[in-house]
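Close look at the chain arrangement
These are the residues of each chain, in order.
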Amino acid sequence: MMEFLYFPEDKSEYIPAVFMLLLFIVLASLAMIWIIRASQKEEKKWDKLEQTSDTMNREDQKPREGKS
């Protein structure tokens, strides 16, 4: 009745499949960690840029002394 499913009698046939599954899990985890670190670096760059932009805007808004 369920002839479309294949379960091998020799369980050693599962070893390559398990190895590939573990390999993909490890590689996916490494890619995720790399993306998170790159994102954190970008966030720090933007924070620094925003901070410099804010200080420049504050300096521009100060009333100028001298000639009126």
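Structure: above.
On a predicted model such as this, the values are computed, not experimentally measured, just so you know. (Residues numbered from 1 in each chain as written. Predicted model: local features only at pLDDT ≥ 70, side-chain atom pairs only at ≥ 80, totals over all residues. Heavy atoms only, no water.)

Overview of the environment of Pro8
- Locating Pro8 in the fold gives a position in the segment before α1 (14–61).
- In this structure Pro8 touches Glu13 and Tyr14, once residues within four positions along its chain are discounted. (Helix = DSSP H or I, 4+ residues; strand = E, 2+ residues; numbered from the N terminus. Contact = heavy atoms within 4.5 Å.)

Considerations on the pattern of salt bridges
- As enumerated under the stated definition, the model contains 1 salt bridge in all.
- Among the salt bridges present, the one from Lys45 reaches Glu42, with a minimum N-O distance of 3.9 Å. Residue Lys45 and its partner Glu42 are both found in helix α1; the two are separated by 3 residues, about one turn of the helix. (Salt bridge = Lys/Arg side-chain N within 4 Å of Asp/Glu carboxyl O.)

Some thoughts on a negative patch on the surface
- Together, Glu43, Asp47, Glu50 and Asp54 give the surface a local cluster of negative charge.
- Within the element layout of this structure, Asp47 appears in helix α1.
- What makes Asp47 partly exposed here is its relative accessible area of 42%. (Patch = residues over 30% accessible without salt bridge, like charges linked within 9 Å, V, L, I, M, F, W, Y side chains within 5 Å. Areas by Shrake-Rupley, 256 points an atom, 1.4 Å probe, with all protein chains shown as cover. Lys, Arg positive; Asp, Glu negative; His and termini not counted. Charge placed at Lys NZ, Arg CZ, Asp CG, Glu CD. Buried < 20%, exposed > 50% of the residue type's maximum accessible area, 1.4 Å probe, protein only.)

Things to note about a nonpolar patch on the surface
- Residues Phe4, Leu5, Phe7, Tyr14, Val18, Leu21, Leu22 and Ile25 make up a contiguous nonpolar surface patch of roughly 840 Å² in combined accessible area.
- Mapped onto the elements of the fold, Phe4 is located in the segment before α1.
- Here Phe4 falls in the exposed class, since its relative accessible area comes to 67%.

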